[in-house]
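# A look at the structure
Spelled out from the first residue to the last, the chains are:
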Amino acid sequence: MVHQESALIPGPFANSRDLTPPLEPQIRPVAMLTYRSRACRPQSQLDLDRILTVAQERNRQESLTGLLIYDQGCFFQWLEGPREGLMRVWESIRRDPRHCEVEILHERSMPKRSFGSWNMRLVRRNRGGVDAILGMIDAPQDVLGPLCIGPAALVDDAWDRLFADVVLPQLRLAHPPSAAGAAMHSERPLPPLTGRRPAIWHAHRDAGTDIAHRLLAVDARDTTCYLDELIGQGAALEPLFHEVFEPAARCLGDWSNEDRVNELQLTAALGRLQVEVHRLSTLLCRESSALRPERNVLVAPQPGEPHGLNASMSSELFWRDGWDVCCEFPSSDGVLRQLVHDTWFDVLELSSSGALCRDSQLQAMRASVRAAHAASLNPALAVIVDGRSFYEQPLAYLEVGADGGCTTSIDAVPAAQRLIALLTAKIDAQHRSASVPTRPQAASRLQLLERQFRSTVF
């Protein structure tokens, strides 16, 4: 079981636990292997922590170092060290059921390590500073994207950029600059091109624009046929949402701002896309995870928002993760207040338009979040917001008083998991000696933590 636990992600980055592996003789070359894969389900911070805590010790025992990247449900990992130990860990990785579409990118011998004493460090997309608090390395989306979902031929350039912009500064923080350290990047052998077709599906650059044109056509069957072609190429629901549906909505919004389409055409096109969400959810049918009744979420567009595409996508993703989902379309803040007052929800996921950034959106969202917090049966209701306003301004969720914000709908589930995990940890820390509280008891306790909880940055 320990072997399996270390399989997918063999080493955490924790400031106080980053142990130096035993060094092999300098004359002995090290083996290097890089791969990428797709997680079978979104990995929450709690999921990553559980895996990494056990696996770091395994890497230390095998004298392995390297880097792990997790972004948008994809893994990219660089492992280096003695060949025997590397092969043992790789066999675990290859058999691990928590990921699929495993693709080896490079495998070769190297004269020296690239990562010094790093057992393993974890890179995630920059999320406004929280990763620094948790001991992770931040990296911008445009650096991580080509590694996780780009064609294999682009990985070399993408990796060089990541190494220069993200990894080297971290190495310099850990070790003062030296002549050898300054030359580390230039001495690192360039990985050869594999010429291998990537196993992980990714949309072509103009897929969003293509489907936006089709959504405006008279015959809706053109959109359906186009999406069916993408599915035939291996597209799954999450990358379709992130790489096709959301870019198409933003494209339509840009055309609306340029007066190339009117409000009626925009709403009709987004409505067609929303219908496709439900059709594809059935076509790409996957059984929901075992229902966890302690996790329930209200998914809703911002009251009065005519565009419900993001709410439809988030609702589907929450259901697939096993949540008890209630999807509503409140017409006013009063209706929203009644919903959260009558039913206990752990999380409220509110979405603004995925196509447009209106000046009044943030102000209206602030009023909706305030109303939900004030009326909620759960005094520590966690509110997550998404939509184009938060795609353009990732930290705008702080302005509206929400507990978390998402730049894409596929981040909603991991954000909700993270909020609940942090809140649970706070309750456990403050009431470790008490018996497990009932929900009414927990409500009174949570109320005491509410102010502190609201200030947490995600």
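Above this text is the structure in question.
Now for a quick tour of the structure. All of these numbers come straight from a predicted model, not from anything done at the bench.

A separate point is unusual backbone geometry. Of note, Ser63 is a non-glycine position whose phi angle comes to about 60°, a positive value. In this structure, Ser63 sits in the loop between α2 (45-62) and β2 (65-71). You will see that Asp259, though not glycine, has its phi angle at about 60°, which is positive. With respect to the helices and strands, the residue Asp259 is situated in the loop between α11 (237-257) and α12 (263-283).

Time to look at the packing of aromatic side chains. In this structure the tally under the stated criterion is five aromatic pairs. Between Phe241 and Phe245, the ring centres sit 5.6 Å apart and the planes meet at 55°, which makes this aromatic pair tilted. Residue Phe241 and its partner Phe245 are both found in helix α11; the two are separated by four residues, about one turn of the helix. You can call Phe241 buried: its relative accessible area is 0%. When the ring of Phe318 is compared with that of Trp323, the centres are 5.0 Å apart and the planes differ by 75°; the resulting orientation is edge-to-face. Exposure remark for Phe318: the relative accessible area of 0% places this residue in the buried category.

It is worth spelling out the pattern of salt bridges at this point. Applying the stated criterion to the full structure yields 16 salt bridges. Among the ionic pairs, Glu107 bridges to Arg83, the shortest N-O distance being 4.0 Å. Here Arg83 lies in helix α3 (residues 83-95) and Glu107 lies in strand β4 (residues 99-110), a separation of 24 residues in the sequence. For Arg83, a relative accessible area of 37% puts it in the partly exposed group. Notably, a salt bridge pairs Glu392 with Arg388, separated by 3.0 Å at the nearest N-O pair. Separated by four residues within a single helix, Glu392 and Arg388 lie in helix α16 (residues 388-392), roughly one turn from each other. Here the salt bridges do not stand alone but share partners, grouping Glu91, Arg94 and Arg95 into one network.

Criteria and thresholds
Residue positions within a chain follow its written sequence, with the count starting from 1. Per-residue local features of the predicted model are confined to residues with pLDDT of at least 70, and side-chain atom pairs are confined, for both listing and counting, to 80 or more; whole-chain, interface and lining totals are unaffected and use all residues. As a rule here, side-chain values come from all non-hydrogen atoms in the structure, and water together with hydrogens is ignored. Where helices and strands are cited, they refer to DSSP runs of H or I of at least four residues and of E of at least two residues respectively, numbered from the N terminus. Aromatic pairing here means that ring centres of Phe, Tyr or Trp (its six-membered ring) are within 6.5 Å. Orientation follows from the plane angle: under 30 degrees is stacked, over 60 is edge-to-face, and everything else is tilted. Relative accessibility decides the category of a residue: with a 1.4 Å probe and only protein chains considered, values under 20% of the type maximum give buried, values over 50% give exposed, and everything between is partly exposed. The working definition used for a salt bridge is a side-chain nitrogen of Lys or Arg within 4 Å of a carboxyl oxygen of Asp or Glu.

Note that all results are geometric; they support no functional claim without further evidence.
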